[in-house]
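# Structure assessment
One-letter residues, chain by chain:
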Amino acid sequence: MAAPLTLACVLAAMVYAAGAARLRRRGDAWPWRRDCVFAAGCAAVVWGLTGPVPGGPFTAHAGRHLLTAMAGPALLAVARPLTLVLRLLPPGRPRRGLLRVAHSPVAGWLLFPPVAAAVDLGGLWLLYRTELWAAAHRHPLLGGLLELHMLLAGLLFAMAVCRLDPVRGRCGLPLRAVTLLAAGAAHAVLAKSLYVAEPPGTAFAAADLRAGAQLMYYGGDAVEVFLALVLAVQWYAATGRRRARQAARDAVPAGAH
């Protein structure tokens, strides 16, 4: 599964770059920083899937987990890929079909922040606190499906928290912030539990287990801080717009209404 996912990431980066260039050629604004962020997200996923990660077996796995399931998806979500595709598609059936999917009840339910957090963190708890991971090492197909799930679940959670693309439903900043805090706490508790007990059915050296758990704990904090900064920027921008509208209303003379 790693090879197809790697190829998909490389193709996605190329398509994104070509689409952004097309927007700019026709005179539309599309910040270069989004191209860089999307490329970094694809690179993080590819590195997590195929690149060298130092440390023992569990520490290396923890590093791959952070890259593939957390850092990569967070960067991809911030780059607004759905917005790019919608701006590229001309009015017609493909664009209407994509909007119907993005605004469908299923999409709204999956991108409801608590649901997305449950899918993402629930999958991680099942992987590490049951014998699922041991089974994945015995069955390569299952291991590949788990890698795909971790990537998609991480992307789902990042998109639900950031809420930068046009999708169904309006979720306020307080709900998304509380969900991010709760998910961060659940991830931290999972990392702490791995510090003292390896996943069932596995055996790792104590030093390797502790190092991997610490990497998962502090690396997870770093990604969550990044997502929190995205929310803070949104709050700042929304507050500025409200103040600007209020100032504009206050500037209108009373007799002009």
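The structure this text deals with has already been given above.
Because the structure is a prediction, the values reported are computed rather than measured. (Residues numbered from 1 in each chain as written. Predicted model: local features only at pLDDT ≥ 70, side-chain atom pairs only at ≥ 80, totals over all residues. Heavy atoms only, no water.)

### Describing the overall build of the protein
Keep this limit in mind: By the criteria applied, helices consist of DSSP H or I runs no shorter than four residues and strands consist of E runs no shorter than two, each listed in order from the N terminus. Buried, partly exposed and exposed residues are distinguished by accessible area as a fraction of the type maximum, computed with a 1.4 Å probe on protein chains only: under 20%, between the cut-offs, and over 50%, respectively. The contact rule is simple, with two residues in contact once any of their heavy atoms fall within 4.5 Å. Using the Shrake-Rupley algorithm and a 1.4 Å probe, accessible areas are obtained, with residue cover drawn only from the displayed protein chains. For the purpose of counting charges, residues Lys and Arg are taken to be positive, whereas Asp and Glu are taken to be negative. His and the chain ends are not included. Taken as the charge centre is NZ of Lys, CZ of Arg, CG of Asp or CD of Glu, depending on the residue.
Of regular secondary structure, the protein possesses eleven helices and zero strands. In terms of overall dimensions, the protein has a C-alpha envelope of 80 × 35 × 30 Å along the principal axes. When each of the 257 residues of the protein is scored for burial, the buried share is 43%. For the protein, the proportion of contacts with a sequence separation of at least 24, taken over those separated by at least 6, is 74%. When the accessible surface of the protein is summed, it comes to about 13,600 Å², and 71% of that surface belongs to carbon and sulfur atoms. Put simply, the protein has 26 plus and 11 minus side-chain charges, and the middle of one group is 14 Å from the middle of the other.

### Remarks on the side chain of Thr 202
Put simply, the test is: Any pair of N or O atoms that falls within 3.5 Å is considered a polar contact. Within protein, one atom must be able to donate a hydrogen and the other to accept it, and sequence-neighbouring residues count only if both atoms are side-chain atoms.
With respect to the helices and strands, the residue Thr 202 is situated in the loop between helix 10 (173-196) and helix 11 (206-251). Among the polar contacts made by the side chain of Thr 202, one reaches the main-chain carbonyl oxygen of Pro 199 at a distance of 2.6 Å.

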